[in-house]
Amino acid sequence: SLSAGLDLPGRFLFATLTLMTLIAILVFIEEAVYIYRKIPSSKRSIIIWINAAAPVISTTSCIGMWVPRSTMFTDFTAGIFFAIVIHKFLMMMIKECGGQKLLLRRFENGRFTISTGPCCCCCLCLPRVPITRQTLFWLKLGTFQFAVFRPVLIFLSIVLWTNGNYVLYNLSPKGPALWISCFIGALTLFALWAVGIMFRKVRILLKCKNIIPKFALYQFIVILNHLQTTIINIFATQKIIPCAPPLSATARGSYIAQQLLIMEMFLITVISRVVYRRKYHDLEPLECVAEEPGDKKQTP
């Protein structure tokens, strides 16, 4: 444990970040109780899963901060959890439209715009795809594959790591870390692409459900948990972040990333409570029909 070698400011920082993690957990528990009491059972578990993303990442980061040797396991745990949350977010958008049957009825003659980020935002020549049961299946498969294959790849990484074949920061083409990371990256892009396609179509219809702030929070978690951590780790690997005994450069990089994530996930947990704490029984899908004509007018 690193805590034995901390000075007074370091201990104060650790205590503050740990307190923020505990508050985030308590806020989530209170919100989960509210959701369990107020939200219809068909949406309850999905919304609780999505709200749990920030507190879970904050908790794993806090454990990794106190026990540096556990960083690989805590990062992998957060990665597996968030892979499931991405699929849950897509399912939430479908549920908020009234389910798959009602969504297909609302957008009977509509089309999905697939030239959207993060995969094809520059490919404006791509055709618009009709909204059918089959295209919805492919979108759900796009996020579901990530929820299935990422845990499998992470389990393979841990097996190789225990055998000494997997070194987290060794991105040599001869090592498995580079190839596993690239494969996970490709799966991540496809999953985010599926969510982006769905959001682009339903954002006007679900404006009354606060879908835009919810999507923004989800995007912040993606960027902070993946992009920010990756950039910091690259800086540490290239020695841009210097070592500070007893921490090596890579250990210090993960240490900085964990501290930033705790503060950021704390803020997202508090904001999520405000965004998701709505009287959903007053916002049933049938009351959003007034939004539908405006959406259809924009659909050529």
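Keep in mind the model is a prediction, meaning the values are calculated, not measured.

## Some remarks on the overall build of the protein
So, step 1. Within the protein one finds nine helices and two strands.
So, step 2. When the elements of the protein are put in sequence order from the N terminus, they spell out α-α-α-α-β-β-α-α-α-α-α.
So, step 3. In the protein, which comprises 300 residues, the proportion classed as buried is 47%.
So, step 4. Excluding contacts between residues fewer than 6 apart, the proportion of contacts in the protein whose partners are at least 24 apart in sequence is 76%.
So, step 5. As displayed, the protein offers around 15,400 Å² of accessible surface, 69% of which is attributable to carbon and sulfur atoms.

## What about the pattern of salt bridges?
So, step 1. Within this structure, the stated rule accounts for four salt bridges.
So, step 2. The closest approach of N and O atoms between E96 and K209, which form a salt bridge, is 3.3 Å. Residue E96 is found in helix α3 (residues 71-96), and its partner K209 is found in the loop between α6 (176-202) and α7 (211-237); the two are separated by 113 residues along the sequence. Each member of the pair, E96 as well as K209, is classed as buried.

## Topic: the UniProt feature "transmembrane region" (unreviewed entry) in the protein
So, step 1. Under the UniProt annotation, the feature "transmembrane region" (unreviewed entry) is placed at residues 12-34, 46-67, 73-94, 137-161, 176-195, 215-236 and 256-276.
So, step 2. Across residues 215-236 one finds 100% helix and 0% strand; the C-alpha atoms that close the span lie 31 Å apart.
So, step 3. Each end of residues 256-276 is marked by a C-alpha atom, and these two atoms are 30 Å apart; helix forms 100% of the span and strand 0%.

## As for the packing of aromatic side chains
So, step 1. Under the definition given, this model contains 11 aromatic pairs.
So, step 2. Taken together, a centroid distance of 5.9 Å and an interplanar angle of 40° make the contact between F14 and Y255 tilted. Here Y255 lies in helix α8 (residues 249-276) and F14 lies in helix α1 (residues 8-38), a separation of 241 residues in the sequence.
So, step 3. Take F14: its relative accessible area is 0%, and that puts it in the buried class.
So, step 4. Where F89 meets Y218, the ring centres are 4.6 Å apart and the plane angle is 10°; that geometry is what we call stacked. Of this pair, F89 sits in helix α3 while Y218 sits in helix α7, placing them 129 residues apart in sequence. Grouping residues by exposure puts F89 and Y218 together as buried.
So, step 5. By way of ring pairs, the aromatic residues F82, F89, F199, F215 and Y218 are connected into one cluster.
So, step 6. The cationic tip of R44 hangs over the ring face of Y36; the distance from NZ or CZ to the ring centre is 4.6 Å.

## Focus: a positive patch on the surface
So, step 1. A cluster of basic residues, R111, R128, R200 and R203, forms a positive patch on the protein surface.
So, step 2. Here R128 shows up in the loop between β1 (111-112) and β2 (129-130).
So, step 3. What makes R128 partly exposed here is its relative accessible area of 32%.

## Observations concerning the packing of α3 against helix α5 (residues 133-162)
Two measures define how a pair of helices packs: the angle their axes make with one another and the distance between the axes.
So, step 1. Direction vectors running N to C along α3 and α5 enclose 170°, while the axes themselves pass 9 Å from each other. Considering the angle they form, α3 stands roughly antiparallel to α5. Between α3, through M72, F73, F76, G79, I80, A83, I84, I86, H87, L90, M91 and I94, and α5, the contact on the second element is made entirely by L139, K140, T143, F144, F146, A147, R150, P151, I154, S157, I158 and W161.
So, step 2. In terms of residue class, the contact of α3 with α5 is built from 18 nonpolar, four polar and two charged.

## Here's the deal with the confidence of the model for the protein
So, step 1. This prediction gives the protein a mean pLDDT of 80; 83% of its residues lie at or above 70.
So, step 2. Counted against residues more than four places away or in other chains, residues 281-300, with its pLDDT under 50, gives 33 contacts.

## Side note on the environment of G185
So, step 1. Mapped onto the secondary structure, G185 falls in helix α6.
So, step 2. A relative accessible area of 29% places G185 in the partly exposed class.
So, step 3. Between the C-alpha atoms of G185 and R150, which are 35 residues apart in sequence, the distance is 9.7 Å.

## Details of the nonpolar core
So, step 1. Judged by nonpolar contacts, the single largest core of 65 residues is most densely connected at F89, M93, L103, M198 and Y218.
So, step 2. Broken down by secondary-structure element, the contributors of at least two residues to this core are α1, α2 (41-66), α3, α4 (100-106), α5, α6, α7 and α8.
So, step 3. Per-element tally for this core: the top contributor is α3, with 14 residues.
So, step 4. Filtering out sequence-adjacent residues up to four positions away, M198 remains in contact with L90, M93, I94, L103, F112, L136 and L139.
So, step 5. Counting residues in hydrophobic clusters, the runner-up holds nine residues, among them L17, C62, Y255 and I262.

## Focus on the environment of H226
So, step 1. Relative to the elements of secondary structure, H226 occurs in helix α7.
So, step 2. Judged by its relative accessible area of 18%, H226 is buried.
So, step 3. Taking C-alpha positions, H226 is 9.7 Å from G185, a pair spaced 41 residues apart along the chain.
So, step 4. If near-sequence neighbours (up to four positions away) are discounted, H226 is found in contact with F82, R150 and I221.
So, step 5. Within the structure, H226 has its side chain in polar contact with the side chain of R150 (distance 3.0 Å).

Criteria and thresholds
Residues numbered from 1 in each chain as written. Predicted model: local features only at pLDDT ≥ 70, side-chain atom pairs only at ≥ 80, totals over all residues. Heavy atoms only, no water. Helix = DSSP H or I, 4+ residues; strand = E, 2+ residues; numbered from the N terminus. Buried < 20%, exposed > 50% of the residue type's maximum accessible area, 1.4 Å probe, protein only. Contact = heavy atoms within 4.5 Å. Areas by Shrake-Rupley, 256 points an atom, 1.4 Å probe, with all protein chains shown as cover. Salt bridge = Lys/Arg side-chain N within 4 Å of Asp/Glu carboxyl O. UniProt positions renumbered as here; feature names shortened; annotations may be inferred. Phe/Tyr/Trp six-rings, centres within 6.5 Å; stacked < 30°, edge-to-face > 60°. Lys NZ or Arg CZ within 6 Å of the ring centre and 35° of its normal. Patch = residues over 30% accessible without salt bridge, like charges linked within 9 Å, V, L, I, M, F, W, Y side chains within 5 Å. Lys, Arg positive; Asp, Glu negative; His and termini not counted. Charge placed at Lys NZ, Arg CZ, Asp CG, Glu CD. Axes fitted to C-alpha atoms, helices over the stretch in contact; angles between N-to-C directions. Parallel < 35°, antiparallel > 145°, perpendicular 65-115°, else oblique. Nonpolar A, V, L, I, M, F, W, Y, C, P; charged D, E, K, R; others polar. pLDDT = per-residue confidence, 0-100. Core = buried A, V, L, I, M, F, W, Y, C linked by side-chain atoms within 4.5 Å. Polar contact = N/O pair within 3.5 Å; in protein donor to acceptor, adjacent residues only side chain to side chain.

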